[in-house]
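The primary structure of each chain is shown beneath.
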Amino acid sequence: MELSEEDLALIQVLQSHPRLGWADAAKVLGVHATTLAARWERLKASGSAWVTAHLAGDPRQMLLAFVAVDCDMNLRDSVTAQLAAIPEIVTVEEAASNRDLMLTVITGSLEEFSTNVVSRLKAIEGLTKYQTALCTRLHTSADEWRLNILDKSQLATLRSLGQGVPGAGREAATAPLPQSHLDLLPYLARDGRATAAEIARDLERHPATVQRQLNRVLASGLLLFRCELAQRYSSFPVTCQWFANVPAGRHEEAAAAFRTISNVRLSASTTGATNFVIIMWLQSLADVMSAELALQQKVPGIELVESVVMLRTVKRVGWMLNEDTTASGAVVHPGTLAAGS
């Protein structure tokens, strides 16, 4: 299956506003709403694109970590499968570097990271070593990354329509949601566009009750919705991650500069041997050198210590992926997720 320009345009609309109604999407794309709904079902069924939702978390408390793992090569498949089954490990990638696997981990606190993740790493047979870099500030996350398909007129229409879309903002919630509301999260993780009626059927609740709960969840600002795309269809099939050193006091300046590079999927300040992580999607391996030049031009004085090219993404933000980067349909949903790579 190959994606058309029309498919990619629809995906970009949902990247901007994942729960935008089909009638409004039709105003942006000039295509009938029923046609867009059918097109989306086809994309979803093929695993080419999907919408998911995850808790944004409180950035003052939550912990984001990048963990490099070494393993016995004879047990690599087993180690990878066991790591992917841990809910707090939201992304698992096979790396072409001096480390075997790269993990993105999200927990509610440093204590949870130690209790729920580190203890399980130590128990995995064949996992020989791990090294952790803790995020001290997340500057850019992958939910902000966009395809470049829509024209200026379409983008302007999309911006005007998206202003009233529930869940479009990222405001901090003022009060925790009760468990009855949190029960909706696994359904929204599996389908970020799930309706109250669909969730109500599975939960065996009255649709009106679930609609009220869903409205509150969407308005809370706790959830981040994102439209994902199989990387093979993005025109950027290569993932590269850099571990860098940025001079003290220049992290915000560097982050602002990196936001002007459209290929950047994630940038974060970290602890460890280096103090900054950048992840980019690129068109080819040859673009790694071009990307490094762009990074150095944007932030003079940056030291690019190591680059890591990913051979395969096994799991991305909770979703298990096939070899061809399409979604398998399996979702490992933790109680708390956050913006991953």
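What counts and what doesn't
Residues numbered from 1 in each chain as written. Predicted model: local features only at pLDDT ≥ 70, side-chain atom pairs only at ≥ 80, totals over all residues. Heavy atoms only, no water. Salt bridge = Lys/Arg side-chain N within 4 Å of Asp/Glu carboxyl O. Helix = DSSP H or I, 4+ residues; strand = E, 2+ residues; numbered from the N terminus. Buried < 20%, exposed > 50% of the residue type's maximum accessible area, 1.4 Å probe, protein only. Axes fitted to C-alpha atoms, helices over the stretch in contact; angles between N-to-C directions. Parallel < 35°, antiparallel > 145°, perpendicular 65-115°, else oblique. Left-handed = near helix turned anticlockwise from the far one by under 90°. Contact = heavy atoms within 4.5 Å. Nonpolar A, V, L, I, M, F, W, Y, C, P; charged D, E, K, R; others polar. Pairing = 2+ DSSP bridges. Arc of directions from axis to C-beta. Phe/Tyr/Trp six-rings, centres within 6.5 Å; stacked < 30°, edge-to-face > 60°.

1. Concerning the pattern of salt bridges
Side chains that carry opposite charge are capable of pairing whenever their charged atoms lie near each other.
Item 1. One pass over the full model with this rule turns up 15 salt bridges.
Item 2. The partner of lysine 44 in a salt bridge is aspartate 191, and the shortest N-O contact between them spans 3.6 Å. Linking lysine 44 in helix H3 (residues 33-45) with aspartate 191 in the loop between helix H8 (185-190) and helix H9 (196-203), this pair joins segments that are 147 residues apart in sequence.
Item 3. Lysine 44 gets classed as partly exposed once you look at its relative accessible area, which sits at 29%.
Item 4. For the salt bridge of arginine 250 with glutamate 253, the shortest nitrogen-to-oxygen distance reads 3.3 Å.
Item 5. Residue glutamate 253 is classed as partly exposed on the basis of its relative accessible area of 48%.
Item 6. One continuous salt-bridge network, built from bridges that share partners, spans Arg226, Glu228, Arg265 and Arg316.

2. Looking at the packing of helix H1 (residues 5-16) against helix H2 (residues 22-29)
The description of two packed helices rests on the angle between their axes and on the distance between the axes.
Item 1. Between H1 and H2, the least distance of the axes is 11 Å, while the angle of their chain directions is 125°. When the interaxial angle is binned, H1 and H2 end up oblique. Note that H1 runs across H2; the crossing there is right-handed. Side by side, H1 and H2 meet where Ala9, Leu10, Val13 and Leu14 of the first sit next to Trp22, Ala25, Val28 and Leu29 of the second.
Item 2. Considered class by class, the residues forming the contact of H1 with H2 number 8 nonpolar, no polar and no charged.

3. A few points about the environment of proline 18
Item 1. Here proline 18 shows up in the loop between H1 and H2.
Item 2. Classification of proline 18 as buried rests on a relative accessible area of 9%.
Item 3. Once the C-alpha coordinates of proline 18 and glycine 162 are considered, the two residues, 144 residues apart in sequence, prove to be 9.8 Å apart.
Item 4. Aside from chain neighbours lying at most four places away, what touches proline 18 is Val51, Arg193, Phe225, Arg226 and Cys227.

4. Section: the pairing of strand E4 (residues 101-107)
Item 1. In terms of burial, E4 is largely enclosed, as 7 of its 7 residues are buried.
Item 2. The alternating pattern of E4 places Leu101, Leu103, Val105 and Thr107 on one face and Met102, Thr104 and Ile106 on the opposite face, and all of these are buried.
Item 3. Strand direction decides the pairing type here: strand E2 (residues 63-71) and E4, joined by 7 bridges, are antiparallel. When the sheet's bridge partners are listed, valine 67 is paired in E4 with leucine 103.
Item 4. As defined by bridge partners, strand E3 (residues 89-96) adjoins E4 across 5 bridges and the pair is classed as antiparallel.

5. Points about unusual backbone geometry
Item 1. For serine 235, which is not a glycine, the phi torsion comes out positive at approximately 75°.
Item 2. Summarising the element assignment, serine 235 is placed in the loop between strand E6 (223-229) and strand E7 (238-245).
Item 3. Owing to a relative accessible area of 45%, serine 235 belongs among the partly exposed residues under this scheme.
Item 4. Of note, threonine 325 is a non-glycine position whose phi angle comes to about 80°, a positive value.
Item 5. Along the chain, threonine 325 falls in the loop between strand E11 (319-321) and strand E12 (327-331).

6. Some remarks on H2
In an α-helix, one turn spans 3.6 residues; hence positions three or four apart end up facing the same way.
Item 1. Within H2 the residues assigned to the buried category are Trp22, Ala25, Ala26, Val28 and Leu29. Taken end-on, H2 shows its buried residues confined to a sector of 160°, consistent with a single buried face. In H2, those exposed residues whose orientation departs by more than 90 degrees from the buried face are Ala23 and Lys27.
Item 2. Looking at the packing, one finds that the buried side of H2 touches H1, H3 and helix H6 (152-162).
Item 3. Backbone geometry just downstream of H2 places glycine 30 in the positive-phi region, at approximately 70°.

7. Observations concerning the packing of aromatic side chains
Item 1. For the structure shown, the criterion picks out 4 aromatic pairs.
Item 2. For the pair tryptophan 50 and tryptophan 319, a centre-to-centre distance of 5.5 Å together with 25° between the ring planes defines the contact as stacked. Taken together, the residues tryptophan 50 in strand E1 (residues 49-55) and tryptophan 319 in strand E11 connect sequence positions 269 residues apart. One exposure class covers both tryptophan 50 and tryptophan 319, and it is buried.
Item 3. Between tryptophan 145 and phenylalanine 236, the aromatic rings sit 6.2 Å apart at their centres with planes inclined by 90°, giving edge-to-face as the arrangement. Remark: phenylalanine 236 occurs in the loop between E6 and E7 and tryptophan 145 occurs in the loop between strand E5 (127-140) and H6; sequence separation between them is 91 residues.
Item 4. Put simply, the rings of Trp145, Phe236 and Trp281 touch in pairs and so form one group of aromatic residues.

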